[in-house]
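Chain by chain, the residues run as shown.
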Amino acid sequence: MLHTIRVHGTSYRQAAVGKLPRKLRFRLVAEPENEYDEEAVAVYSEDAQALLVGYLPMGWMKEVYAAKVKELLGRGGAVPGTVIGGHGTATMRGVALYL
């Protein structure tokens, strides 16, 4: 079963998200030293730029699909995604991942 997850923090990284094509792969990277959440999982574009675009929602690892995310991290963390928004009246862009 495929689950769509919206990446958090993209509003702080609009310059990075705006450089990305609509469809690409992203890399999940565990950040155990993160000062806000020791279970934080950062989301980077999986291209030559390797841009930080945001994070999986805080607490998401504990509450929702921890086993799936841990499995993905163990296999290198590559996941497909889409840049969303940025057209019509929506000027902000976000990122949706497909797990």
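Residues numbered from 1 in each chain as written. Predicted model: local features only at pLDDT ≥ 70, side-chain atom pairs only at ≥ 80, totals over all residues. Heavy atoms only, no water.

## Observations regarding the environment of A30
Rule in force here: Helix and strand labels come from DSSP, where a helix needs a run of H or I of at least four residues and a strand needs a run of E of at least two; each type is numbered from the N terminus. Contacts are residue-level and defined by heavy atoms, with any inter-residue pair within 4.5 Å sufficient.
Mapped onto the elements, A30 comes out in strand 2 (residues 23-31). In sequence terms A30 and A42 are 12 residues apart; their C-alpha atoms lie 6.3 Å from each other. Sequence-distant contacts of A30, that is, excluding residues within four places in its chain, are made with A40, V41 and L73.

## What to know about unusual backbone geometry
In plain terms, the rule: Note on exposure labels: buried denotes an accessible area under 20% of the residue type's maximum, exposed denotes more than 50%, and partly exposed covers the range between, all computed with a 1.4 Å probe on protein chains only.
Even without glycine at this site, A50 takes up a positive phi of about 45°. For A50, the location among the structural elements is in the loop between strand 3 (40-45) and strand 4 (52-55). Residue classification places A50 among the partly exposed positions, given a relative accessible area of 42%.

## What about the environment of L24?
Structurally, the position occupied by L24 is in strand 2. Taking relative accessible area as the criterion, L24 reaches 14% and is therefore assigned buried. Separated by 23 residues in the primary sequence, L24 and D47 have C-alpha atoms spaced 8.2 Å apart. Here L24 is in contact with S45, E46, D47, V79, P80, G81 and V83, once residues within four sequence places are set aside.

## What about the pattern of salt bridges?
Selection criterion: Salt bridges are defined by distance alone: a side-chain nitrogen of Lys or Arg within 4 Å of a carboxyl oxygen of Asp or Glu.
Scanning the entire structure with this criterion turns up 3 salt bridges. One salt bridge in this structure joins R27 and E46, with 2.0 Å as the shortest N-O distance. Highlighted residues: R27 in strand 2 and E46 in the loop between strand 3 and strand 4, separated in sequence by 19 residues. Two residues, E71 and R75, come together in a salt bridge whose shortest N-O distance is 3.3 Å. Overall, the relative accessible area of 58% leaves R75 in the exposed class. Linked through salt bridges whose partners overlap, the residues forming this network are R25, R27 and E46.

Everything listed here is a matter of coordinates, which is why it stays silent on function.
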